[in-house]
Amino acid sequence: SGDIGLSLIGNPYPSALNVEEFIDENLYSINPATNTLTGTYYLWSHNNRVEGNDFSSDDYYTCNRSGAVGFAANGTGNNTIPTIYIPSGQGFFVENEVAGDLKFKNSMREKNTPAQNPKENANFYRTKNIKKSSELERHRIWLDITDSAKTTGNQAMVGYIENATNDFDLGFDTYVFDDKKPLLIYSILDTYPVAI
(Lines give C-alpha, C1' and ligand atoms only; values in the text may rest on other atoms or scores of the structure.)
Protein backbone atom coordinates (compact mmCIF):
# COMPACT_ATOMS: atom_id res chain seq x y z
CA SER A 1 0.00 0.00 0.00
CA GLY A 2 1.12 3.56 -0.46
CA ASP A 3 0.12 7.20 -0.23
CA ILE A 4 -0.55 9.52 -3.14
CA GLY A 5 2.65 10.08 -5.12
CA LEU A 6 5.53 7.66 -5.60
CA SER A 7 5.87 4.30 -3.87
CA LEU A 8 8.87 1.99 -4.12
CA ILE A 9 7.81 -1.61 -4.77
CA GLY A 10 9.42 -4.66 -6.34
CA ASN A 11 8.71 -7.78 -8.32
CA PRO A 12 7.91 -10.33 -5.59
CA TYR A 13 8.11 -13.36 -7.89
CA PRO A 14 11.02 -15.68 -8.74
CA SER A 15 10.20 -15.01 -12.40
CA ALA A 16 9.70 -11.90 -14.55
CA LEU A 17 6.61 -9.76 -13.96
CA ASN A 18 4.58 -8.56 -16.95
CA VAL A 19 4.30 -4.94 -15.83
CA GLU A 20 1.53 -4.13 -18.32
CA GLU A 21 -0.70 -6.79 -16.76
CA PHE A 22 0.25 -5.43 -13.33
CA ILE A 23 -0.75 -1.91 -14.42
CA ASP A 24 -3.99 -3.12 -16.01
CA GLU A 25 -4.93 -4.84 -12.74
CA ASN A 26 -4.10 -1.79 -10.60
CA LEU A 27 -4.99 1.17 -12.87
CA TYR A 28 -7.08 3.80 -11.12
CA SER A 29 -10.65 4.27 -12.32
CA ILE A 30 -12.72 7.24 -11.20
CA ASN A 31 -16.17 5.82 -11.82
CA PRO A 32 -16.52 3.62 -9.89
CA ALA A 33 -13.47 4.51 -7.81
CA THR A 34 -11.24 1.44 -7.90
CA ASN A 35 -7.52 0.68 -7.74
CA THR A 36 -4.69 3.14 -7.16
CA LEU A 37 -2.09 3.54 -9.94
CA THR A 38 -1.76 6.23 -12.61
CA GLY A 39 -0.01 3.70 -14.87
CA THR A 40 3.37 5.45 -14.67
CA TYR A 41 6.38 3.65 -13.22
CA TYR A 42 10.09 4.43 -12.99
CA LEU A 43 13.10 2.13 -13.27
CA TRP A 44 16.53 3.17 -12.04
CA SER A 45 19.42 2.50 -14.44
CA HIS A 46 22.37 3.65 -12.27
CA ASN A 47 24.25 5.18 -15.20
CA ASN A 48 25.61 8.32 -13.54
CA ARG A 49 28.03 8.63 -10.65
CA VAL A 50 26.55 9.76 -7.37
CA GLU A 51 27.90 13.19 -6.43
CA GLY A 52 27.59 13.71 -2.70
CA ASN A 53 24.20 12.26 -1.91
CA ASP A 54 22.60 13.50 -5.13
CA PHE A 55 21.33 11.04 -7.70
CA SER A 56 20.69 12.21 -11.24
CA SER A 57 17.15 12.06 -12.57
CA ASP A 58 18.82 10.87 -15.82
CA ASP A 59 19.15 7.51 -14.09
CA TYR A 60 15.40 6.90 -14.17
CA TYR A 61 13.50 5.49 -17.11
CA THR A 62 9.95 6.81 -17.25
CA CYS A 63 7.56 4.07 -18.35
CA ASN A 64 3.87 3.33 -18.91
CA ARG A 65 1.72 1.22 -21.23
CA SER A 66 2.79 3.35 -24.21
CA GLY A 67 6.48 2.48 -23.70
CA ALA A 68 9.56 3.89 -21.98
CA VAL A 69 11.80 6.97 -22.27
CA GLY A 70 15.09 7.84 -20.66
CA PHE A 71 18.50 9.36 -21.22
CA ALA A 72 21.42 6.98 -20.71
CA ALA A 73 24.77 8.74 -20.52
CA ASN A 74 28.01 6.88 -21.07
CA GLY A 75 27.77 5.35 -17.62
CA THR A 76 28.29 1.89 -16.27
CA GLY A 77 24.66 0.98 -15.62
CA ASN A 78 21.97 -0.51 -17.77
CA ASN A 79 21.23 1.73 -20.76
CA THR A 80 18.80 -0.65 -22.46
CA ILE A 81 15.26 0.71 -22.81
CA PRO A 82 13.01 -1.33 -20.48
CA THR A 83 10.62 -3.91 -21.90
CA ILE A 84 7.25 -4.94 -20.45
CA TYR A 85 8.99 -7.43 -18.16
CA ILE A 86 10.38 -6.53 -14.73
CA PRO A 87 13.06 -9.05 -13.63
CA SER A 88 12.73 -11.06 -10.45
CA GLY A 89 13.47 -8.99 -7.35
CA GLN A 90 13.79 -5.73 -9.36
CA GLY A 91 12.60 -2.67 -7.50
CA PHE A 92 10.72 0.15 -9.22
CA PHE A 93 8.66 3.21 -8.37
CA VAL A 94 4.96 3.36 -9.13
CA GLU A 95 2.85 6.50 -9.13
CA ASN A 96 -0.30 6.39 -6.98
CA GLU A 97 -3.35 8.45 -7.91
CA VAL A 98 -4.96 7.54 -4.57
CA ALA A 99 -3.77 5.70 -1.47
CA GLY A 100 -4.49 1.99 -1.33
CA ASP A 101 -3.25 -1.55 -1.81
CA LEU A 102 -1.70 -3.08 -4.93
CA LYS A 103 -2.65 -6.45 -6.38
CA PHE A 104 -0.17 -9.03 -7.64
CA LYS A 105 -1.43 -12.21 -9.31
CA ASN A 106 0.39 -15.31 -10.48
CA SER A 107 -1.10 -14.71 -13.94
CA MET A 108 1.18 -11.64 -14.23
CA ARG A 109 4.27 -13.84 -14.13
CA GLU A 110 6.17 -14.62 -17.33
CA LYS A 111 6.45 -18.35 -17.61
CA ASN A 112 9.14 -20.17 -19.60
CA THR A 113 6.80 -22.53 -21.41
CA PRO A 114 7.22 -23.74 -24.98
CA ALA A 115 5.49 -21.65 -27.62
CA GLN A 116 1.97 -22.88 -28.25
CA ASN A 117 -0.39 -22.29 -31.14
CA PRO A 118 -2.43 -19.27 -29.92
CA LYS A 119 -5.38 -20.12 -32.21
CA GLU A 120 -6.05 -23.30 -30.25
CA ASN A 121 -7.11 -21.24 -27.23
CA ALA A 122 -8.61 -18.18 -28.93
CA ASN A 123 -12.32 -19.01 -28.76
CA PHE A 124 -13.22 -18.08 -25.18
CA TYR A 125 -16.71 -17.04 -24.11
CA ARG A 126 -16.69 -13.98 -21.92
CA THR A 127 -18.85 -10.98 -21.17
CA LYS A 128 -16.40 -8.44 -22.54
CA ASN A 129 -13.59 -8.84 -25.05
CA ILE A 130 -10.75 -6.57 -23.91
CA LYS A 131 -7.34 -6.59 -25.51
CA LYS A 132 -4.34 -6.96 -23.22
CA SER A 133 -1.99 -3.99 -23.33
CA SER A 134 0.64 -6.09 -25.10
CA GLU A 135 -1.85 -6.64 -27.98
CA LEU A 136 -2.63 -2.94 -28.55
CA GLU A 137 -1.56 -1.35 -31.83
CA ARG A 138 1.19 1.19 -31.09
CA HIS A 139 2.90 3.79 -33.25
CA ARG A 140 5.70 5.56 -31.39
CA ILE A 141 8.43 8.10 -32.09
CA TRP A 142 11.22 8.74 -29.58
CA LEU A 143 12.84 12.20 -29.56
CA ASP A 144 16.26 12.82 -28.01
CA ILE A 145 18.01 16.05 -27.07
CA THR A 146 21.64 16.13 -25.88
CA ASP A 147 24.41 18.63 -25.42
CA SER A 148 27.32 18.51 -27.87
CA ALA A 149 29.44 16.39 -25.48
CA LYS A 150 26.52 13.99 -24.96
CA THR A 151 26.91 14.24 -21.19
CA THR A 152 23.39 15.46 -20.46
CA GLY A 153 20.13 15.12 -22.28
CA ASN A 154 16.56 13.99 -22.26
CA GLN A 155 14.16 11.80 -24.20
CA ALA A 156 10.45 12.07 -24.95
CA MET A 157 8.03 9.82 -26.79
CA VAL A 158 5.04 10.69 -28.95
CA GLY A 159 2.76 7.71 -29.19
CA TYR A 160 -0.42 6.92 -31.02
CA ILE A 161 -1.79 3.96 -29.10
CA GLU A 162 -5.04 2.08 -29.63
CA ASN A 163 -7.59 3.04 -26.93
CA ALA A 164 -5.70 6.24 -25.99
CA THR A 165 -7.36 9.64 -26.45
CA ASN A 166 -6.19 13.24 -26.93
CA ASP A 167 -6.82 13.86 -23.22
CA PHE A 168 -4.57 12.73 -20.35
CA ASP A 169 -5.01 8.95 -20.19
CA LEU A 170 -3.86 7.10 -17.10
CA GLY A 171 -1.56 4.32 -18.19
CA PHE A 172 -0.68 5.95 -21.52
CA ASP A 173 0.45 9.50 -20.64
CA THR A 174 3.09 10.50 -18.10
CA TYR A 175 4.21 13.89 -16.81
CA VAL A 176 7.89 14.89 -16.90
CA PHE A 177 9.79 13.40 -13.93
CA ASP A 178 12.18 16.35 -13.44
CA ASP A 179 11.25 19.63 -15.13
CA LYS A 180 14.33 21.42 -13.74
CA LYS A 181 16.83 19.67 -16.02
CA PRO A 182 19.01 21.96 -18.17
CA LEU A 183 18.02 20.13 -21.38
CA LEU A 184 14.43 18.99 -21.62
CA ILE A 185 12.16 17.88 -24.45
CA TYR A 186 8.47 17.23 -23.86
CA SER A 187 4.91 17.67 -25.13
CA ILE A 188 2.35 20.02 -23.58
CA LEU A 189 -1.02 18.70 -22.41
CA ASP A 190 -3.31 21.15 -20.60
CA THR A 191 -0.25 23.37 -19.82
CA TYR A 192 1.64 20.47 -18.20
CA PRO A 193 4.91 19.00 -19.57
CA VAL A 194 4.39 15.38 -20.65
CA ALA A 195 7.27 12.91 -21.19
CA ILE A 196 5.13 10.23 -22.89
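Residues numbered from 1 in each chain as written. Predicted model: local features only at pLDDT ≥ 70, side-chain atom pairs only at ≥ 80, totals over all residues. Heavy atoms only, no water.

Some remarks on helix α1 (residues 19–26)
And then number 1: Taken together, the buried positions of α1 are Val19, Glu20, Phe22, Ile23 and Asn26. Down the axis, α1 shows its buried residues gathered within 160° of arc, on one side only.
And then number 2: Looking at the buried positions of α1, the neighbouring elements they touch are β1 (5–10), β2 (17–18), β5 (37–44), β8 (85–86), β9 (91–96) and β10 (138–146).
And then number 3: Sitting at the head of α1, Asn18 places a side-chain oxygen 3.0 Å from the backbone nitrogen of Glu20. (Buried < 20%, exposed > 50% of the residue type's maximum accessible area, 1.4 Å probe, protein only. Helix = DSSP H or I, 4+ residues; strand = E, 2+ residues; numbered from the N terminus. Arc of directions from axis to C-beta. Contact = heavy atoms within 4.5 Å. Polar contact = N/O pair within 3.5 Å; in protein donor to acceptor, adjacent residues only side chain to side chain.)

Some words on the packing of aromatic side chains
And then number 1: What the rule picks out here adds up to 9 aromatic pairs.
And then number 2: Here Phe22 and Phe92 contribute two aromatic rings whose centre-to-centre distance is 6.2 Å and whose plane-to-plane angle is 85°, an arrangement assigned as edge-to-face. Here Phe22, found in helix α1, pairs with Phe92, found in strand β9; they are 70 residues apart in sequence, far enough to count as distant. As far as burial versus exposure is concerned, Phe22 and Phe92 are alike and both buried.
And then number 3: Look at Tyr175 and Tyr192: their rings are 5.6 Å apart centre to centre, the planes differ by 70°, and that puts the pair in the edge-to-face class. (Phe/Tyr/Trp six-rings, centres within 6.5 Å; stacked < 30°, edge-to-face > 60°.)

Thoughts on the pattern of salt bridges
And then number 1: With the rule as written, the count across this model stands at 5 salt bridges.
And then number 2: In this structure, the salt-bridge partner of Glu25 is Lys103, at a minimum N-O distance of 3.9 Å. Of this pair, Glu25 sits in helix α1 while Lys103 sits in the loop between β9 and β10, placing them 78 residues apart in sequence.
And then number 3: Salt bridges sharing partners connect three or more residues here, namely Glu25, Lys103 and Lys105. (Salt bridge = Lys/Arg side-chain N within 4 Å of Asp/Glu carboxyl O.)

Details of the nonpolar core
And then number 1: Among the nonpolar cores identified, the biggest contains 17 residues, and Phe22, Tyr41 and Phe92 are the most heavily contacted of them.
And then number 2: Sorting the residues of this core by element identifies α1, β5, β6 (60–64) and β9 as the ones contributing at least two each.
And then number 3: When sequence neighbours within four positions are dropped, the list of residues in contact with Phe92 reads Ser7, Leu8, Ile9, Gly10, Asn11, Leu17, Val19, Phe22, Tyr41, Tyr42, Leu43 and Ile86.
And then number 4: Grouped together as the second largest cluster of nonpolar side chains are 6 residues, Val69, Met157, Leu184 and Ile196 included. (Core = buried A, V, L, I, M, F, W, Y, C linked by side-chain atoms within 4.5 Å.)

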